[in-house]
Amino acid sequence: MTQARYSTVAIILHWLIAGLLVWIVLLGWEASDVQGSAKIAPLQLHKPLGITILLLTLARLAWRLTHRPPMINPDLKPWERRLALGVHWGFYVILLALPLSGWAMVSASKLITVYPIDMFGLFDWPALSFLTNLPADQMKSTQDLLSEAHHLIAKIIVYVLTPLHVLGALKHHFLDKDNELARMIPFLARKDAE
Ligand code: HEM
Ligand code: HEM
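Let me begin by describing the structure that accompanies this report. (Residues numbered from 1 in each chain as written. Chains lettered and ligands numbered in written order. Predicted model: local features only at pLDDT ≥ 70, side-chain atom pairs only at ≥ 80, totals over all residues.)

Within the chain, the regular secondary structure consists of 5 helices and 2 strands. Each helix and strand of the chain, ordered N terminal to C terminal, gives the series α-α-α-β-β-α-α. Along the first, second and third principal axes, the C-alpha atoms of the chain reach 65 × 30 × 25 Å. The 194 residues of the chain split such that 15% are buried. Counted over contacts in the chain with a minimum sequence separation of 6, partners at least 24 positions apart contribute 74%. (Helix = DSSP H or I, 4+ residues; strand = E, 2+ residues; numbered from the N terminus. Buried ≥ 20, exposed ≤ 12 C-beta atoms within 10 Å, placed from the backbone. Contact = placed C-beta atoms within 7 Å.)

Rendered as structure tokens:
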């Protein structure tokens, strides 16, 4: 069984982004559950967290493309390998598409001047001016379209990619009892499987 694991940078970015993802989804749901001004607080935190995930994902992709990941577990069946890689690259695509659609959605709203993307009190993240400057009717339809896209993409990551990925990881750990999980959580490495 292979002992190979991801680099420390890849592991830190994996768990940091996974943690932020849980937090931002809970804030998104909270904002959807309430009405009027009660939406403001969760969304004002949701937005800078989303931009942070965008920047961390760009850093992660840059790292991934310049550092060879550990060799894929040779015991995986071809369909397991294809599914795992498809989910991994699906995550990268969606972790870019979600924050970009969110950024574009709030840029296509007059409210951006009242509620900017406040990066934790440090500075305001700029709006996409070509969307903020659209004529009023086009702005509304663009915002609605982007909002639908944002909700749909969020559903894919929450209800499709994450369950497949987590169930896959747990299956390997508890049923196959291989060292797959230790590639991302090194202290879980099983001595008997090495
Ligand atoms: C990885 C990053 C992101 C994730 C996972 C995410 C996820 C979500 C989720 C799950 C919801 C609730 C959807 C629902 O109830 O069906 C939501 C709503 C929302 N998100 Fe995000 N989001 C991200 C980034 C962003 C960014 C960067 C912005 C803006 C800068 C943003 C702005 C919004 C807004 C304004 C809403 C509520 C508005 C509406 O109802 O359409 N999001 N997001
Ligand atoms: C929901 C948030 C998560 C996201 C977005 C995520 C994303 C990813 C991505 C993109 C990779 C591939 C890394 C690469 O090759 O560049 C990966 C690998 C991995 N993840 Fe996650 N992950 C999440 C949560 C989890 C959880 C909760 C677990 C454990 C139960 C887990 C366990 C693993 C393992 C073991 C690998 C290594 C797979 C391998 O290469 O053999 N992940 N993850």
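A few words on the site of ligand 1. Around ligand 1, the structure places 25 residues, and the nearest of them are Gly28, Ser32, Gly50, Gly102 and Ser147. Those elements that provide at least two residues to the shell around ligand 1 are helix H1 (8-33), helix H2 (40-66), helix H3 (78-107) and helix H5 (136-175). The class makeup of the residues in the shell around ligand 1 is 16 nonpolar, 8 polar and 1 charged. (Near = placed C-beta within 6 Å. Nonpolar A, V, L, I, M, F, W, Y, C, P; charged D, E, K, R; others polar.)

Another aspect to go through is the environment of Leu20. Tracing the backbone through its elements, the reader meets Leu20 in helix H1. Residue class for Leu20 comes out partly exposed when judged on the 15 C-beta atoms lying within 10 Å of it. Linking Leu20 and Gly50, residues 30 residues apart in sequence, is a C-alpha distance of 8.6 Å. For Leu20, the contacting residues outside a window of four places in its chain are Leu49, Thr52 and Ile53.

A word on the nonpolar core. By size, the foremost hydrophobic cluster in this structure holds 8 residues: Trp103, Ala104, Met105, Val106, Ala108, Ile117, Leu131 and Leu146. It is H3 that provides the largest number of residues to this core, a total of 4 residues. Contacts of Val106, omitting those with residues within four sequence positions, involve Lys47, Ile112 and Ile117. Grouped together as the second largest cluster of nonpolar side chains are 5 residues, Ile24, Ile53, Phe91 and Leu98 included. (Core = buried A, V, L, I, M, F, W, Y, C linked by C-beta atoms within 7 Å.)

Before going further, it helps to spend a moment on the site of ligand 2. Lining the immediate environment of ligand 2, one finds 19 residues, of which Ala18, His88, Phe91, Ala169 and Met184 sit closest. Here the shell around ligand 2 takes 5 residues from H5, the largest share from any one element. Within the shell around ligand 2, the residues separate by chemical class into 11 nonpolar, 5 polar and 3 charged.

On to unusual backbone geometry, then. At Phe120, a residue that is not glycine, the phi angle is positive and equals roughly 55°. Structurally, Phe120 is set in the loop between strand S1 (117-118) and strand S2 (124-125). Residue classification places Phe120 among the exposed residues on the basis of 9 C-beta atoms within 10 Å. Unusually for a residue other than glycine, Lys177 sits at a positive phi of about 50°.

Let us now look at the packing of H2 against H3. Contact geometry for H2 and H3: axes closest at 9 Å, N-to-C directions at 145°. Crossing angle aside, the handedness with which H2 passes H3 is left-handed. For the pair H2 and H3, the contacting residues are Lys47, Gly50, Ile51, Ile53, Leu54, Thr57 and Leu61 in the first and Tyr92, Leu95, Leu96, Pro99, Leu100, Gly102, Trp103 and Val106 in the second. Taken together, the residues that form the contact of H2 with H3 break down as 11 nonpolar, 3 polar and 1 charged. (Axes fitted to C-alpha atoms, helices over the stretch in contact; angles between N-to-C directions. Left-handed = near helix turned anticlockwise from the far one by under 90°.)

The next subject is the packing of H3 against H5. In the contact formed by H3 and H5, the axes pass within 9 Å of each other and the chain directions differ by 155°. In this view, H3 runs roughly antiparallel relative to H5, as classed from their interaxial angle. With respect to the hand of their crossing, H3 and H5 are arranged in left-handed fashion. (Parallel < 35°, antiparallel > 145°, perpendicular 65-115°, else oblique.)

Counting through the fold element by element, Pro99 comes out in helix H3. When the C-alpha atoms of Pro99 and Thr52 are compared, they prove to be 8.9 Å apart, with 47 residues separating the residues in sequence.

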